[in-house]
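If you want the building blocks of each chain, they are given just below.
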Amino acid sequence: MQKFLIEGGKKLYGEIDVQGAKNSSLPILAGALLCDGTTTLLNCPKLSDVYASCRILNNVGLTCNFIDNNVLTISNSVNNPNCIVPNDLMREMRSSILYMGALLGKYGKCTISLPGGCQLGSRPIDIHLYGLKKLGADIKEEYGTIYCNAKDGLKGTKITLPFASVGATENLILASVLAKGETLIKNSAREPEICDLCNYLRKCGAVIQGDGESDIYIKGVKKLYGCEHSIIPDRVVAVTYMCCVAMTGGELVLNNVCTNHMDIVLNMFEELGCDLYTYEDRIYICSKGRVHSLKNVKTMPYPAFPTDMQSPLMAVMTIGDKTSTFEETIFDNRYRHADELIRMGADIEVMGRIAIVRGVSKLYGTSVSATDLRGGASLIVAGLKADGLTEISNIHYIDRGYQEVEKVLTSVGAYIKRV
Ligand code: EPU
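Counting 76 residues, the largest nonpolar core has Ile-173, Leu-201 and Leu-224 as the members making the most contacts within it. With residues near it in sequence (within four places) discarded, Leu-224 still touches Leu-34, Cys-35, Asp-36, Val-177, Leu-178, Leu-201, Cys-204, Gly-205 and Ala-206. Tyr-241, Val-245, Met-344 and Ala-377 belong to the second largest nonpolar core, which has 73 residues in total.

With that settled, consider the packing of aromatic side chains. Summed over the entire model, instances satisfying the criterion amount to two aromatic pairs. Between Tyr-277 and Tyr-284, the aromatic rings sit 5.6 Å apart at their centres with planes inclined by 40°, giving tilted as the arrangement. Given the relative accessible area of 51%, Tyr-277 is considered exposed. The ring of Tyr-279 is capped by Arg-282, whose NZ or CZ atom sits 4.8 Å from the centre of that ring.

As a matter of local geometry, the ligand sits amid 23 residues, with Asp-126, Ser-165, Asp-308, Ile-330 and Arg-374 nearest to it. One of the side-chain N or O atoms of Ser-165 is found 2.6 Å from an oxygen atom in the ligand. Between Val-166 and the ligand, the recorded distance is 2.8 Å, taken from a backbone N or O atom to an oxygen atom. Coverage of the ligand by the protein chains reaches 89% of its 830 Å² of free accessible surface. Those elements giving two or more residues to the shell around the ligand turn out to be helix 1 (22–32), helix 5 (126–134), helix 6 (166–176) and helix 12 (373–385). Here the shell around the ligand takes three residues from helix 5, the largest share from any one element. Residue classes in the shell around the ligand are distributed as nine nonpolar, seven polar and seven charged.

Turning to the environment of Glu-191, a few remarks are in order. Along the chain, Glu-191 falls in the loop between strand 10 (182–186) and helix 7 (192–203). According to the relative accessible area criterion, Glu-191 is buried, its value standing at 11%.

Attention shifts here to the sheet that holds strand 15 (residues 275–278). With mixed pairing, the four strands of this open sheet are ordered in space as 2-14-16-15. Strand pairing shows two members of the sheet lacking a second neighbour, strand 2 (12–17) and strand 15, which therefore form its edges. Neighbouring strand axes in the sheet, compared pairwise and without regard to direction, differ in orientation by 10° on average. As paired elements, strand 14 (residues 250–255) and strand 16 (residues 282–287) share six bridges and run antiparallel to each other. Within strand 16, the position partnered with Leu-254 by the bridge is Ile-283.

Quick notes on the rules
- Residues numbered from 1 in each chain as written.
- Predicted model: local features only at pLDDT ≥ 70, side-chain atom pairs only at ≥ 80, totals over all residues.
- Heavy atoms only, no water.
- Core = buried A, V, L, I, M, F, W, Y, C linked by side-chain atoms within 4.5 Å.
- Buried < 20%, exposed > 50% of the residue type's maximum accessible area, 1.4 Å probe, protein only.
- Contact = heavy atoms within 4.5 Å.
- Phe/Tyr/Trp six-rings, centres within 6.5 Å; stacked < 30°, edge-to-face > 60°.
- Lys NZ or Arg CZ within 6 Å of the ring centre and 35° of its normal.
- Near = heavy atom within 4 Å.
- Polar contact = N/O pair within 3.5 Å; in protein donor to acceptor, adjacent residues only side chain to side chain.
- Areas by Shrake-Rupley, 256 points an atom, 1.4 Å probe, with all protein chains shown as cover.
- Helix = DSSP H or I, 4+ residues; strand = E, 2+ residues; numbered from the N terminus.
- Nonpolar A, V, L, I, M, F, W, Y, C, P; charged D, E, K, R; others polar.
- Pairing = 2+ DSSP bridges.
- Axes fitted to C-alpha atoms, helices over the stretch in contact; angles between N-to-C directions.

Here's what the structure looks like:
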């Protein structure tokens, strides 16, 4: 089993090219299934979740190839699609659920099971099922297998989501673009990754309006054709690297970012005491001394503070000059990294969805274990500052979302090795 070894205390200096967004790539890969011909994705990160998506597409009958470093082609010339996604592929990640909408939309049927993914509390799929049923899918569950059928194709309708779920919004977009008639998705999620999916689908021929707002309107078309599309920069990865330098001190330039997607978080780094110069696609960040504690950090759907950035930021707050309070409103169990940070000397008290982080003057390197993707990233952030050696196990979680994180951090002066 691979581990990361980190020797803390090195300041970070240099430039980082931020990778493409995982949470855009995964729905767009499911979108490629809807298209005839070839999709070429530029800036597509090489991540275990992207490879898992390719395995699902291969299983249906499509061909996926990384033809260049971050250039992925997906070709669909399938005559006899296999619409059964095996349990082992479904379990690899949460996004496998998006193949329910995509397969139903394209081929009118699929057999799947419940998706896997990071354990962040209960992650039901009721909103996905509710929306797909409203589009006319007949869905039956037997012993964990979900049988979905839409013999005469899906039919556009009005769907009001009870919660602005990112995955359910994406699933319903995927299902609706080839459906007959018009679909209105009310109370949609507004994340930039949803706009990226819609931008891709529009280039393929889809008719979609309103993405980025609460009401998304879709007019079904008969066919979609593959296109070339560049994945947006990963805002969570960018913020993770900003947390690293806020923690260690030093100066970083982040290239290939979209600062428009990061407004709220950029303000927070100024409150931490970092110097920031931001351009449309570049951030300069300099951190000199001990960071200021942020009083209240509350995770909410976009455009508010994202749940995915909670754990890296919590790592920074462990050495803040005062006390910070976190409130996690999206997932019911997303503080599992707190126990690992406590092993490193952090002072954190978790009470349900609230976490109180009292800043300490030092963290200490020890053996810790990644509990999920972003929780794992928080241990890297902490390890870069901690005295001595930090050993992080279960790093397969981190590989789901960070492309070659150890190479990126080594290139700016960190000591981090994969062993
Ligand atoms: N929810 C339901 N029923 C549903 C769907 C969601 O109750 O049918 C609940 C979930 O249990 C959760 C909340 O709604 O409590 C939010 O879930 P959402 O569907 O919005 O999230 P997701 O689609 O499962 C995506 C990202 C997550 C990110 C969340 C929130 C991808 C692949 N995943 O998950 O990213 O945290 O949106 O922004 O896009 C990560 O990258 O580490 C990650 C977990």
